[in-house]
Amino acid sequence: MMFYRPEIIRPPSEWRSYYLPLTSGCSNNTCTFCNFWGLKLQVRDIEEVKQEIEAMRLYKEKRVILPGMPEIVYALASQWDGKQIFLQDGDALVYPLPKLKEILGYINERLPRVERIAAYATANDILRIEANDLKELRQLNLGILYIGLESGDDEVLKKICKNMSAAQIIAAVKRVKAAGILTSVTVILGMGGSEGSEQHTVATAKALTEMDPDYVGALTVSLIPGTPLYDDFKRGKFKLITPFESVKELLEIIKQTSFTNCFFSSMHASNYFSVRGRLPAEKARMVRELEEVIKRGDPGSLRPEFLRGL
């Protein structure tokens with residue numbers, strides 16, 4: 001079966017990376033809010049992946065362009081500084097483990113200047129990998145995994161068909177950390193809807209505290225046409241939080257979490273207000289900024305809808 005290269009969906013912090021597809025879609029394609037919903041997972045042939053790595057090497061070293069290689073390879077390579085690679089797609093750790101190790105080893109061999117390799121990962125796929133194998137992946141330069149918590153509230157996770165509990169996601173994050181791999185956890189403001197806002201916020205802060213990740217990225221729920229959550233909104237079964245309710249959720253999560261040393265950011269384009277800093281060192285400053293925005297109540301201080309994005 002022909003492999004169809006996925007569109008580039010990546011964490012904001014991977015903007016300098018080369019985007020190397022191992023899969024297309026996500027192994028957990030049932031999340032009702034996600035643009036991967038309903039998409040069939042494709043796994044790319046390992047030889048095709050190696051051919052792209054070799055094409056990258058030849059282009060970066062000698063500016064050689066191989067016939068038949070997709071134009072996107074050279075468009076990405078021409079802007080790439082050679083330091084970071086992001087493995088696509090929504091769950092690259094679903095790639096067969098022996099082959100994943102082989103790919104990582106091949107990257108290290110052919111592109112020795114690469115400093116860090118990153119990927120999205122689901123808790124289910126992390127938990128099926130033995131601790132020693134995760135440590136081996138770290139030795140092969142897998143430096144950071146981006147893991148979606150979305151909500152610490154099991155009721156919300158069930159409603160959005162996450163197919164895993166908060167406890168499972170917490171366990172997965174802890175396993176990754178124990179292997180020496182950095183963890184970046186995503187939460188979604190408003191995922192509990194207007195009615196479930198408080199419960200979602202409290203449970204999410206509790207889960208984040210227990211995980212104690214290296215990074216947290218906060219997004220605000222966005223409705224994607226064609227997804228079940230969008231349909232629920234249209235039928236009145238899901239009520240969006242307001243922009244200022246989103247900021248209040250952000251404030252409460254920051255206030256209620258307790259981290260060892262975590263960089264927390266709401267710089268994603270979906271958010272109505274951006275704040276970032278290291279917790280706990282900068283908590284007082286971040287809380288003060290958010291409280292001032294809420295107290296003023298000026299819509300002009302928030303990102304307008306037309307500037308929000310996925």
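Residues numbered from 1 in each chain as written. Predicted model: local features only at pLDDT ≥ 70, side-chain atom pairs only at ≥ 80, totals over all residues. Heavy atoms only, no water.

(A) Structural context of helix H2 (residues 71-79). Listed as buried for H2 are Val73, Tyr74, Leu76 and Ala77. Projected down its long axis, H2 carries its buried residues within an arc of 165 degrees, all on one side. Projecting away from the buried face of H2 at angles above 90 degrees are the exposed residues Glu71 and Gln79. Contacts from the buried residues of H2 go to strand E1 (18-21) and helix H1 (46-62). (Buried < 20%, exposed > 50% of the residue type's maximum accessible area, 1.4 Å probe, protein only. Helix = DSSP H or I, 4+ residues; strand = E, 2+ residues; numbered from the N terminus. Arc of directions from axis to C-beta. Contact = heavy atoms within 4.5 Å.)

(B) Representation of the sheet that holds strand E4 (residues 84-88). Strand order in the open sheet made by the 8 strands is E1-E4-E5-E6-E7-E8-E9-E10, with mixed pairing throughout. Here the strands that pair on one side only, and so sit at the sheet edges, are E1 and strand E10 (276-279). The average angle at which neighbouring strand axes cross in this sheet is 25 degrees, direction not considered. Taken together, the 6 bridges between strand E7 (residues 182-189) and strand E8 (residues 215-220) define a ladder with parallel strand orientation. Bridge assignment links Thr186 to a residue of E8, and that residue is Gly217. Against the sheet, helix H3 (residues 97-110) makes contact with E1, E4, strand E5 (116-121) and strand E6 (142-150), and its axis sits at roughly 155 degrees relative to E4, the strand it touches most. (Pairing = 2+ DSSP bridges. Axes fitted to C-alpha atoms, helices over the stretch in contact; angles between N-to-C directions.)

(C) Spatial organisation of the environment of Ser197. Summarising the element assignment, Ser197 is placed in helix H8 (residues 197-211). The class for Ser197 is buried, based on a relative accessible area of 16%. Taking the C-alpha atoms as reference points, Ser197 and Leu240, 43 residues apart in sequence, are found 9.7 Å from one another. Ser197 has contacts with Gly192, Ile241 and Glu249, leaving out every residue within four places of it along the chain.

(D) Layout of the packing of aromatic side chains. All chains considered together, the criterion is met by 5 aromatic pairs. Residues Tyr59 and Tyr74 carry aromatic rings whose centres are separated by 5.4 Å and whose planes lie at 55 degrees to one another, so their mutual orientation is tilted. Taken as a pair, Tyr59 in helix H1 and Tyr74 in helix H2 lie far apart in primary sequence, 15 residues in all. With 5.2 Å between their ring centres and 90 degrees between their planes, Phe86 and Tyr120 make a pair best called edge-to-face. Residue Phe86 is located in strand E4, and its partner Tyr120 is located in strand E5; the two are separated by 34 residues in the primary sequence. Side by side, Phe86 and Tyr120 carry an identical accessibility label, which is buried. Taken together, Phe86, Tyr120 and Tyr146 form an aromatic cluster joined through their ring pairs. Sitting over the face of the ring of Tyr106, Lys50 holds its NZ or CZ atom 5.2 Å from the ring centroid. (Phe/Tyr/Trp six-rings, centres within 6.5 Å; stacked < 30°, edge-to-face > 60°. Lys NZ or Arg CZ within 6 Å of the ring centre and 35° of its normal.)

(E) Layout of the layout of surface pockets. Estimates place the volume of the largest pocket at around 1200 Å³. As for the largest pocket, its lining consists of 45 residues, of which Pro11, Tyr120, Thr186, Leu219 and His268 are closest to the centre. Looking at the lining of the largest pocket element by element, the count peaks at 6 residues for E8. When grouped by side-chain class, the residues that make up the lining of the largest pocket number 25 nonpolar, 15 polar and 5 charged. Here the second largest pocket defines a volume of roughly 340 Å³. For the lining of the second largest pocket, the secondary-structure elements that each account for two or more residues are helix H6 (154-159) and helix H9 (228-234). For the lining of the second largest pocket, the element with the highest residue contribution is H6, accounting for 3 residues. Here the lining of the second largest pocket is composed, by residue class, of 5 nonpolar, 6 polar and 7 charged. (1 Å grid on protein atoms, 1.4 Å probe; cavity = no way out; pocket = protein on both sides within 12 Å on 5 of 7 lines; lining within 4 Å. Points joined across faces, edges and corners; volume = space filled by probe spheres on them. Nonpolar A, V, L, I, M, F, W, Y, C, P; charged D, E, K, R; others polar.)

(F) Geometry of helix H11 (residues 283-296). With 14 residues, H11 extends 20 Å between its outermost C-alpha atoms, agreeing within 8% with the 20 Å of an ideal straight helix rising 1.5 Å per residue. Inspection of H11 places Met286, Val287, Leu290 and Val293 among the buried residues, and these make up the whole buried set. Relative to the axis of H11, the buried residues are bounded by an arc of 130 degrees and lie together on one face. Turned more than 90 degrees from where H11 packs its buried face, Ala284, Lys295 and Arg296 sit exposed. (Expected span 1.5 Å × (residues − 1).)

(G) View of the pairing of strand E9 (residues 262-265). When E8 meets E9, the two strands line up parallel, connected through 3 bridges. Bridge pairing in E9 links Gly217 to Ser265. Note: E9 against E10, 4 bridges, orientation antiparallel. Considered in E10, the bridge of Ser265 is made with Arg276.

(H) Spotlight on the packing of helix H7 (residues 166-178) against H8. Relative to each other, H7 and H8 sit at 25 degrees, their axes nearing to 9 Å. One way to sum up the angle between H7 and H8 is to call them roughly parallel. Here H7 runs over H8; the crossing is right-handed. Listed contacts from H8 to Ile169, Ile170, Val173, Lys174 and Lys177 of H7 are Ala207, Glu210 and Met211. (Parallel < 35°, antiparallel > 145°, perpendicular 65-115°, else oblique. Left-handed = near helix turned anticlockwise from the far one by under 90°.)

Read these as spatial facts, not as claims about activity.
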